[in-house]
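Notes for the structure review
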Amino acid sequence: MKRRFLLALCMSVFSVSLFSQAALAAPTLTIGLIPAEDAQAMLENSKQVISSLQEQLGMPVKPFIATDYNGIIEALRAKKLDVAYLGPFSYVLASSVANVEAFSVAETKKNGKSFYKSLIIVRKDSGIQNIEQLKGQTMAFVDPTSASGHLFPSAGLRKNNIDPNKYFSRVIFSGSHDASILAVANKKVDAAAVADRILASAIAKGVVKESDFNIVWSSPDIPESPMVWRKDLDPALKKKIAAAFANIKDVKWGDQGILNGFVATDDNAYNVVRDAAKILNLDLKGMK
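All of the points below concern the structure found in this document. (Residues numbered from 1 in each chain as written. Predicted model: local features only at pLDDT ≥ 70, side-chain atom pairs only at ≥ 80, totals over all residues. Heavy atoms only, no water.)

1. Concerning the environment of Ala269
Within the fold, Ala269 resides in the loop between strand S13 (259-264) and helix H11 (271-279). Along the chain, Ala269 and Pro226 lie 43 residues apart, while their C-alpha atoms are 9.9 Å from each other. (Helix = DSSP H or I, 4+ residues; strand = E, 2+ residues; numbered from the N terminus.)

See the structure below:
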């Protein structure tokens, strides 16, 4: 009797051990998110997309939000992430140092398009009306690898024979578009380069007032931030991931608002970003 009890106990422990190992070995899709907003807001606004992916793929989806764009790029390069949401410029940087490619891009109900613009904003009461009047002022960019928060405005200034490294009395990198907007609103800096849709979101939330700002420069169209995956993922899994993103509609996605859906894109869509980098003589591989 005692032997049967011990045998049953051992079998039970063995079964639990096998179950625990299987649970630990269960595949998980890791997805990196750029810090367009503060980390908590980005996580909160991505919940529905993460939940939909988990349901469709039948596997856990684990989000990861880095403190900056480089954190996501490094995680992709180290194969710590399977999929990531990157800014256009951070994607171009990632594609130059890691084995990744863009596959999908969000289209929102708000504007029904898959592109946006970079703006340079100032306080209306500053009296500044154009970029020529920014000489000697303080300037906030978002991050060295932000397309709308650094690359495109810097290239735009260069086209106007302005060296952004010498033109301003002080330049800071705020870390997020929201922080840059608030820096201008609170008179911490005179001007800032931000994405138009993130400024619109801050205005809609009542964080700032549209009447408080002047726009002194606007970029050409920038392709929206892409979803990217590691090229070495299993082709069958990539097919499921692409289909899952295509099926996600009518939910909130980060700072972009309610989704029409994700539409297919590819690496060639981001050549305009590479062209802007050429204007600034940037060594893309050397930046990482």
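2. Looking at the sheet that holds strand S2 (residues 61-65)
The strand order across the open sheet formed by six strands is S2-S1-S3-S12-S4-S13, and the pairing between neighbours is mixed. At either end of the open sheet lies a strand with only one pairing partner, and these are S2 and S13. Pairwise comparison of adjacent strand axes, ignoring direction, gives a mean angle of 25° for this sheet. In terms of strand pairing, strand S4 (residues 100-108) meets strand S12 (residues 226-230) through five bridges, oriented antiparallel. When the sheet's bridge partners are listed, Ala102 is paired in S12 with Val228. Along the sheet, helix H3 (residues 47-57) contacts strand S1 (29-33), S2 and S13; its crossing angle with S2, the most-contacted strand, is approximately 150°. Together, S1, S2, strand S3 (83-85), S4 and S12 form the strand contacts of helix H4 (residues 69-77), whose direction differs from that of S2 by roughly 135°. (Pairing = 2+ DSSP bridges. Axes fitted to C-alpha atoms, helices over the stretch in contact; angles between N-to-C directions. Contact = heavy atoms within 4.5 Å.)

3. Observations concerning the packing of aromatic side chains
Scanning the entire structure with this criterion turns up six aromatic pairs. Judged by centre distance (5.3 Å) and plane angle (70°), the rings of Tyr91 and Tyr270 are edge-to-face. On the criterion of sequence distance, the pair formed by Tyr91 in helix H5 (residues 88-97) and Tyr270 in the loop between S13 and H11 is long-range, its members being 179 residues apart. In this structure, Tyr91 and Tyr270 share a single accessibility class: buried. Plain terms: the ring middles of Phe245 and Phe262 are 4.9 Å apart, the flat faces sit at 80° to each other, and that makes the pair edge-to-face. You can see Phe245 sitting in helix H10 (residues 235-246) and its partner Phe262 sitting in strand S13, a full 17 residues away along the chain. Here the two residues Phe245 and Phe262 agree in accessibility, since each one is buried. (Phe/Tyr/Trp six-rings, centres within 6.5 Å; stacked < 30°, edge-to-face > 60°. Buried < 20%, exposed > 50% of the residue type's maximum accessible area, 1.4 Å probe, protein only.)

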